[in-house]
Amino acid sequence: VVDDARGLRLENVRRVTHDTSWWETHGFSLDGRAVITTNTRAGWQSADIYAVDLETGVKTRLTDHPAWDEHAHLSPEGRSLSWISARWRPAGMQRLTDGSLSPVQDWFWIAPAILFSFFNPPAGFSTELTLMDADGSHLRRLTSDDAVVADNEWSPDGRQIVYRTTPNRSPRGPSSIRLLTFDDCHLSNWTVAAP
């Protein structure tokens, strides 16, 4: 990003992936050689987390589960990834195909499927904050809110994660901003009005 007399703009832009599936980026590796992404290459409703090498384009799949895995953020020291996953509630966001359909189909199915699951809690959409090592090992669940846990962010010292959660039975209800502290596993809550 360049901000000079000509204004704010991007320079040296280049394409890293070459397919029509859904890609979403969440940050860089500490050495800047890879980008952490979410992608739906596995099928309509199965998002997984990947690390994409910026020089070679090699995609390293870090999660492989029928449920929705998304919003992975690398800890400040680079050892852990925090992310949201629907795997803890089996009815949520399951893979409907084996990936044999064209990835372009994702655009037609992801949004309606999330909306349907979100508004129909018995089959509903529920995500929990999840942690794993940066290489995809030592996966563990950090929350058990049975709600929709949204994006998250690490504190600069790596001792806390702030995240947003919304009740899945009342999607227009109030969201909560929560703070997870690793030294004593204490959760602090701030409730804010949903937009």
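To start, this report covers the structure provided alongside it. Treat the numbers as computed from the prediction; the structure is a model and nothing was measured.

## Some words on the side chain of Asn152
Structurally, Asn152 is set in strand 11 (residues 148-154). Judged by relative accessible area, Asn152 falls into the buried class, the value being 3%. Only 3.2 Å separates the side chain of Asn152 from the backbone oxygen of His71, close enough to count as a polar contact. For Asn152, the side chain forms a polar contact with the side chain of Ser82, separated by 2.5 Å.

## Comments concerning the layout of surface pockets
Approximately 360 Å³ is the volume attributed to the largest pocket. Lining the largest pocket we find Arg14, Val16, Thr17, Trp23, Glu24, Thr25, Gly27, Phe28, Val35, Thr37, Val52 and Leu54. Where the lining of the largest pocket is concerned, the elements lending two or more residues are strand 3 (23-28) and strand 4 (34-39). Broken down by element, the lining of the largest pocket gets its largest block of residues, five residues, from strand 3.

## Observations regarding the nonpolar core
Listed in full, the nine residues of the largest apolar core are Ile36, Ile49, Ala51, Leu62, Ala72, Leu74, Leu81, Trp83 and Met132. Taken together, the elements giving at least two residues each to this core come down to strand 5 (48-53), strand 7 (69-74) and strand 8 (80-85). In this structure Ile36 touches Glu24, Thr25, His26, Gly27, Ile49, Tyr50, Ala51, Ala72 and Leu81, once residues within four positions along its chain are discounted. In terms of nonpolar packing, the next biggest core, distinct from the first, is built from eight residues, Leu129, Val149, Trp154 and Ile161 among them.

## Thoughts on the sheet that holds strand 8
Judged by pairing direction, the sheet is antiparallel, and its four strands sit side by side in the order 7-8-9-10 without closing on themselves. Since the sheet does not close on itself, it has two edges, and those belong to strand 7 and strand 10 (140-141), each with one partner. Strand direction decides the pairing type here: strand 9 (residues 128-133) and strand 10, joined by two bridges, are antiparallel. Following the sheet pairing, Leu131 is matched in strand 10 by Arg140.

What counts and how
- Residues numbered from 1 in each chain as written.
- Predicted model: local features only at pLDDT ≥ 70, side-chain atom pairs only at ≥ 80, totals over all residues.
- Heavy atoms only, no water.
- Helix = DSSP H or I, 4+ residues; strand = E, 2+ residues; numbered from the N terminus.
- Buried < 20%, exposed > 50% of the residue type's maximum accessible area, 1.4 Å probe, protein only.
- Polar contact = N/O pair within 3.5 Å; in protein donor to acceptor, adjacent residues only side chain to side chain.
- 1 Å grid on protein atoms, 1.4 Å probe; cavity = no way out; pocket = protein on both sides within 12 Å on 5 of 7 lines; lining within 4 Å.
- Points joined across faces, edges and corners; volume = space filled by probe spheres on them.
- Core = buried A, V, L, I, M, F, W, Y, C linked by side-chain atoms within 4.5 Å.
- Contact = heavy atoms within 4.5 Å.
- Pairing = 2+ DSSP bridges.

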